[in-house]
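Chain and residue survey
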Amino acid sequence: MKILLAIDGSESADAAIRFLCKWPRPKDCKLILMTVINKDIFGNEKALEFDDRQRQMLLETEQALREDAEEILAAAETRIDAAGMTVEKVITVGNPAFEIVQTATKLSANIVMMGTHGFGEIKRFLLGSVCDKVMLYAPCSVLIVRSAGTEPENPAGTGPATVHEPHPLKILLAFDNSRSAHKATRVCTKLSSTLHDEVVALSVMPLMHMFRQDVRQQLSWVWQERKKAAAKGLKWVEKILNPASLKVSTLLKESSDVSQEIIDTAAAINSDLIVIGNRGESKVKKFLMGSVTRRVIHHAPCSVLAVRKSEKLIKS
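All of the points below concern the structure found in this document. Keep in mind the model is a prediction, meaning the values are calculated, not measured.

**So, the pattern of salt bridges**
According to the stated counting rule, one finds 10 salt bridges in the structure shown. The partner of R79 in a salt bridge is D14, with the nearest N and O atoms 2.3 Å apart. Taken together, the residues span a long stretch of sequence, with R79 in helix α2 (residues 52-82) and D14 in helix α1 (residues 11-22) at a distance of 65 residues. For D14, a relative accessible area of 24% puts it in the partly exposed group. One salt bridge in this structure joins K253 and E261, with 3.3 Å as the shortest N-O distance. In this structure, a network of salt bridges that share partners links the residues D14, R18 and R79.

Following this line, the structure appears as structure tokens:
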């Protein structure tokens, strides 16, 4: 398994490192640790028009940025080494989203990890727009780490504690019986590290509330058949996850706002991670579409793993 972790020295990147250290991983896991220097910081099409002093300042700026990047990667590598991982370091220059996707493709990464927001000294690059672009174009699954509430505070009051050992996860699996949801379910079986890990599988049936259409919808035989199909899908989830020694429970809900129901449920059960398909092709209902996935990523109270259906996230 190859993990590409994109960091920039920001708080959210720091949270992504800590999440990685406690996240269950296969023994043969390889990590590509990368940072991107945004070309807009020192790149200039009119650089040839600069005088010698200006060109020298440009070179010194580039060198300083590269040194900062090396320091950020070296500090992260030290922490990750303590967590028992080997690291390959990559520094690229260019558009952050493009560089992350390009590196993931070139190095055949199985998963991209990144924080939700970046405010690093190098450049604020892990913004929502970058996350969106990586989510859309990455050739593999993407794990977006939410910094708020992901780490315990250091008792000494010196900041967040670094966690080196995997800890039990509470996972909310958003399931719609699609191919990508099936893939996400199988990924959950690979995330288990202890007998205390728990998966709550949630299936949301979308209701129409306009002009009380929800009542007519719920009374129709089509709705009842869809409800049976959704319940059958959740039974399949239990069948797949139970042999993985996971604590499994299921929820079947009805809502006019599927993404909000996923977000609210994650908050209610105090989930550590939402696992969701990156695309939805459900025969019951196409509700895990890109727009739902993006909204969940933007507003979820915890980290989100968006699973690409065609990606072999973890080799059997």
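**A closer look at helix α3 (residues 96-106)**
Among the residues of α3, those classed as buried are P96, A97, E99, I100, V101, T103 and A104. N-cap assignment for α3: the residue whose side-chain oxygen lies 3.2 Å from the backbone N of A97 is N95. Downstream of α3 by a residue or two, S108 has a phi angle that is positive, lying close to 55°.

**Focus: the sheet that holds strand β6 (residues 170-174)**
Here 10 strands make up an open sheet; going across it, the order is β3-β2-β1-β4-β5-β10-β9-β6-β7-β8 and the pairing mixed. The sheet is open, and its two borders are formed by β3 (87-94) and β8 (247-255), each paired with just one other strand. Strand-to-strand twist in this sheet, taken as the mean axis angle between neighbours without regard to direction, amounts to 20°. Where helix α7 (residues 221-241) meets the sheet, it contacts β6, β7 (198-206) and β8, and its direction lies at approximately 160° from that of β8.

**Comments concerning the packing of α1 against α2**
At a minimum axis separation of 10 Å, α1 and α2 run at an interaxial angle of 20°. What the angle tells us is that α1 and α2 run roughly parallel. Crossing hand, α1 versus α2: right-handed. Along the contact surface, α1 presents D14, I17, R18, L20 and C21, while α2 presents A76, R79 and I80. Grouping the amino acids of the contact of α1 with α2 by side-chain chemistry returns 5 nonpolar, no polar and 3 charged.

**With respect to the packing of aromatic side chains**
Following the criterion strictly, the structure yields 1 aromatic pair and no others. For the pair F175 and W236, a centre-to-centre distance of 6.0 Å together with 25° between the ring planes defines the contact as stacked. In this pair, F175 is assigned in the loop between β6 and α5 (179-190) and W236 in helix α7, connecting sequence segments 61 residues apart. Judged by relative accessible area, W236 falls into the partly exposed class, the value being 22%.

**A short note on the packing of α5 against α7**
Here α5 crosses α7 at 30°, and the two axes come no closer than 9 Å. Here α5 is positioned roughly parallel relative to α7, judged by the angle of their axes. Crossing geometry of α5 relative to α7 is assigned as right-handed. Within the contact between the two elements, α5 uses H182, T185, R186, C188 and T189 and α7 uses W236, V237, I240 and L241. Residues of the contact of α5 with α7, tallied by class, amount to 5 nonpolar, 3 polar and 1 charged.

**Details of the environment of L143**
With respect to the element layout, L143 can be found in strand β5 (residues 141-145). You can call L143 buried: its relative accessible area is 0%. Put simply, L143 and T116 are 27 residues apart on the chain and 9.8 Å apart in space, counted from C-alpha to C-alpha. Apart from the residues within four sequence positions on either side, L143 is in contact with F19, I111, V112, M113, M114, L273, S303, V304 and L305.

What counts as what
Residues numbered from 1 in each chain as written. Predicted model: local features only at pLDDT ≥ 70, side-chain atom pairs only at ≥ 80, totals over all residues. Heavy atoms only, no water. Salt bridge = Lys/Arg side-chain N within 4 Å of Asp/Glu carboxyl O. Helix = DSSP H or I, 4+ residues; strand = E, 2+ residues; numbered from the N terminus. Buried < 20%, exposed > 50% of the residue type's maximum accessible area, 1.4 Å probe, protein only. Polar contact = N/O pair within 3.5 Å; in protein donor to acceptor, adjacent residues only side chain to side chain. Pairing = 2+ DSSP bridges. Axes fitted to C-alpha atoms, helices over the stretch in contact; angles between N-to-C directions. Contact = heavy atoms within 4.5 Å. Parallel < 35°, antiparallel > 145°, perpendicular 65-115°, else oblique. Left-handed = near helix turned anticlockwise from the far one by under 90°. Nonpolar A, V, L, I, M, F, W, Y, C, P; charged D, E, K, R; others polar. Phe/Tyr/Trp six-rings, centres within 6.5 Å; stacked < 30°, edge-to-face > 60°.

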